[in-house]
Amino acid sequence: MFLPVRILMVVLLLAAVIALEVFLARRKAWWPGLVPPVLLFLYSVVAIVSSIVGYYTVYGAGIQVTASFLVDLFLTFFQCNILTLVLLATYFVCRRKDRQKQQLDKMSIQDL
């Protein structure tokens, strides 16, 4: 496939995931909006662990823990969790707007 088509597909997929997050975050219950970020976080943990186990399986030796390895591990973990951070930010923004709306409704009822 052409590169612009792939980019368009990725952008549409990301927009769909963010739209799902907004939908789930605006629900009355607090926990449905946290499901996608938690799933992505668990996926990143599984990816890191499987890469370490895969290295051990292929080379038959453990990984030497050096400063360079720890930095690479941290950067990989951070890159895997960028979408998780975006979804958490979306969740908290949506919940804050709904909380403000509820407080305004309470104030208007009290004024009556």
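Coordinates for the structure precede this section.
Residues numbered from 1 in each chain as written. Predicted model: local features only at pLDDT ≥ 70, side-chain atom pairs only at ≥ 80, totals over all residues. Heavy atoms only, no water.

A.B. asks: Would you mind showing me how to read the overall build of the protein chain here?
C.D. replies: A count of helical and extended segments in the protein chain gives 4 helices and 0 strands. Secondary structure elements in the protein chain, listed N-terminal to C-terminal, are α-α-α-α. The C-alpha atoms of the protein chain give a radius of gyration of 20 Å, which is well past the 13 Å a tight globule of 112 residues would have. Dimensions of the protein chain along its principal axes, counting C-alpha atoms only, are 75 × 40 × 20 Å. A buried classification covers 14% of the 112 residues belonging to the protein chain. Across the protein chain, every contact between residues at least 6 apart in sequence was considered, and the portion connecting residues at least 24 apart equals 71%. With the model as given, the accessible surface of the protein chain reaches about 9,000 Å², and the carbon-plus-sulfur share is 72%. In the protein chain, 10 side chains carry a positive charge and 5 a negative one; their mean positions are 4 Å apart. (Helix = DSSP H or I, 4+ residues; strand = E, 2+ residues; numbered from the N terminus. Rg over C-alpha atoms; globule rule 2.2 N^0.38 Å. Buried < 20%, exposed > 50% of the residue type's maximum accessible area, 1.4 Å probe, protein only. Contact = heavy atoms within 4.5 Å. Areas by Shrake-Rupley, 256 points an atom, 1.4 Å probe, with all protein chains shown as cover. Lys, Arg positive; Asp, Glu negative; His and termini not counted. Charge placed at Lys NZ, Arg CZ, Asp CG, Glu CD.)

A.B. asks: Would you explain the packing of aromatic side chains in this entry?
C.D. replies: By the definition in use, this model includes 3 aromatic pairs. Note on Phe41 and Phe77: the rings are 5.7 Å apart at their centroids and 80° apart in plane angle, and the pair reads as edge-to-face. With Phe41 in helix H2 (residues 35-59) and Phe77 in helix H3 (residues 67-80), the pair connects residues that are 36 residues apart, well separated along the chain. Assessed through its relative accessible area of 39%, Phe41 is described here as partly exposed. What makes Phe77 partly exposed here is its relative accessible area of 29%. (Phe/Tyr/Trp six-rings, centres within 6.5 Å; stacked < 30°, edge-to-face > 60°.)

A.B. asks: Please explain a nonpolar patch on the surface as it appears in this structure.
C.D. replies: Taken together, Trp30, Trp31, Val35, Val38, Leu39, Phe41, Leu42, Val45, Val49 and Val53 make up a surface patch of nonpolar side chains, about 950 Å² in accessible area. Residue classification places Val53 among the partly exposed residues on the basis of a relative accessible area of 48%. (Patch = residues over 30% accessible without salt bridge, like charges linked within 9 Å, V, L, I, M, F, W, Y side chains within 5 Å. Salt bridge = Lys/Arg side-chain N within 4 Å of Asp/Glu carboxyl O.)

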